[in-house]
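Per-entry structural report
So the chains spell out like this:
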Amino acid sequence: MKPLTEQQIRATFVNCTKGEAKRLAVPRDLADRPWDDLDYLGWRDPQAPDRAYLAVELDGRLRALQLRATASGWGQSRRSMCTMCLTTHSGGVSLMVAPKAGRAGQQGNSVGAYICSDLACSLYVRGKRDAGAGARLHETITLEEKIARTVANLAAFVAKVTA
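Presented here is an overview of the structure given in this document. In this text the structure is predicted, and so the values were computed from the model without any measurement. Sequence order as written defines residue numbering, which begins from 1 separately in each chain. Note on the predicted model: pLDDT of at least 70 is required for a residue's local features to be given, and 80 or more for side-chain atom pairs to be given and counted; whole-chain, interface and lining totals, by contrast, use all residues. Hydrogens and water are ignored here; the side-chain numbers use all heavy atoms of the structure.

The next subject is the side chain of Lys-146. Numbered from the N terminus, helices here are DSSP runs of H or I no shorter than four residues, and strands are runs of E no shorter than two. Relative to the helices and strands, Lys-146 is located in helix H5 (residues 143-162). Burial here depends on accessible area, computed with a 1.4 Å probe over protein chains only, as a share of the maximum for the residue type. Under 20% is buried, over 50% is exposed, and the range in between is partly exposed. Note on charges: Lys and Arg go in the positive column, Asp and Glu in the negative column, and His and the chain ends are not counted at all. The working definition used for a salt bridge is a side-chain nitrogen of Lys or Arg within 4 Å of a carboxyl oxygen of Asp or Glu. At 4.2 Å, Glu-139 is the nearest oppositely charged side chain to Lys-146, a buried residue that forms no salt bridge. When sequence neighbours within four positions are dropped, the list of residues in contact with Lys-146 reads Val-125, Arg-136, Glu-139 and Ile-141. Contact between two residues is taken to exist if any of their heavy atoms lie within 4.5 Å; hydrogens are not considered.

Right, here's the structure in full:
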């Protein structure tokens, strides 16, 4: 992923108003992010843990989504699988709900997916972050194919939000 600026991120939200996009918390450490290892930029709002955001470039077009997250279940023993990167976590997966873009979102319609609570799918797929024993199932596909699958899953989620 190409490095993003705060202005680029704020200008590309598809499921919130311009005023909401101006007020939301954008990470201050954008320059320090591992951009070469990211398929999307995901972050949680440190002041409001139930708020999460992601920005992704799909088909040459940058889109950002506002999400609501369930409480992180780090203390839970039940394992759950992220629907984006297929990493399993003990309590490290949250239901992320995005208001739909446009009129449908204004009417209260939303789309949800179970996503890594820390929004670090790209790092889990590449083995740069460890989710613990048994977090990644053995697969015979290449790393490039795993990355492509993660991006395709993310693209499908974004398509549901913008439909």
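This next bit is on the pattern of salt bridges. By the definition in use, this model includes 9 salt bridges. Between Arg-33 and Asp-29 there is a salt bridge, and its shortest N-O distance comes to 3.0 Å. Accessibility expressed as a relative area gives 34% for Asp-29, which makes it partly exposed. Of the charged contacts in the structure, one is a salt bridge between Lys-128 and Asp-37, with a shortest N-O distance of 3.7 Å. Remark: Asp-37 occurs in the loop between helix H2 (18-23) and strand S1 (41-45) and Lys-128 occurs in the loop between helix H4 (121-125) and H5; sequence separation between them is 91 residues. Lys-128 sits in the exposed class, given a relative accessible area of 54%.

The next point concerns the packing of aromatic side chains. Stacked, tilted and edge-to-face are the three classes applied to pairs of Phe, Tyr and Trp rings, where Trp contributes its six-membered ring and a pair requires centres within 6.5 Å; stacked means planes under 30 degrees apart, edge-to-face means over 60, and tilted covers the rest. Tallied over the full model, the rule gives 2 aromatic pairs. For the ring pair Phe-13 and Tyr-53, a centre distance of 6.0 Å and an interplane angle of 90 degrees mean the geometry is edge-to-face. Separated by 40 residues along the polypeptide, Phe-13 in the loop between helix H1 (6-11) and H2 and Tyr-53 in strand S2 (residues 48-58) bring together distant segments of the chain. The burial state of Phe-13 is the same as that of Tyr-53; both residues are buried.

For Asp-59, which is not glycine, the phi dihedral falls at a positive 55 degrees. When its relative accessible area of 83% is taken as the criterion, Asp-59 is described as exposed. The backbone phi angle of Leu-86 is positive, close to 65 degrees, even though this residue is not glycine. Inspection of the secondary structure assignment puts Leu-86 in the loop between strand S4 (79-81) and strand S5 (88-90).

Another aspect to go through is the nonpolar core. Nine residue types can take part in a nonpolar core, namely buried Ala, Val, Leu, Ile, Met, Phe, Trp, Tyr and Cys, and a core is a set of them joined through side-chain atoms within 4.5 Å. Counting residues in each nonpolar core, the largest one holds 45 residues, and the members touching the most others are Phe-13, Leu-41, Ile-115 and Phe-157. Listing elements by their share of this core, those giving two or more residues are S1, S2, strand S3 (61-69), strand S6 (93-99), strand S7 (110-116), H4 and H5. Of all the elements, S2 adds the most residues to this core, at 6 residues. Excluding its chain neighbours within four sequence positions, the residues that come into contact with Leu-41 are Met-1, Leu-4, Ile-9, Leu-30, Arg-33, Trp-35, Tyr-53, Leu-54 and Ala-55.

The criterion for strand pairing is that DSSP finds at least two bridges linking the strands in question. The 5 strands lie next to each other as S1-S2-S3-S6-S7, forming an open sheet whose pairing is antiparallel. The two strands at the open ends of the sheet, each matched to only one other strand, are S1 and S7. The sheet shows a mean angle of 30 degrees between the axes of neighbouring strands, taken without regard to direction. Taken together, the 8 bridges between S2 and S3 define a ladder with antiparallel strand orientation. Bridging across to S3, Leu-54 finds its partner in Leu-65. Lines fitted to the C-alpha atoms define the axes, with helices restricted to the stretch that makes contact. Angles between their N-to-C directions range from 0 to 180 degrees.

As a further point, take the side chain of Thr-88. In this fold, Thr-88 is placed in strand S5. Distance and chemistry together define a polar contact, namely a pair of N or O atoms within 3.5 Å, with one atom able to donate a hydrogen and the other to accept it when in protein, and with adjacent residues in sequence counting only for side-chain atoms on both sides. Polar side-chain contacts of Thr-88 include one of 3.1 Å to the side chain of Arg-79. When sequence neighbours within four positions are dropped, the list of residues in contact with Thr-88 reads Arg-79, Ser-80, Met-81, Ala-131, Gly-134 and Ala-135.

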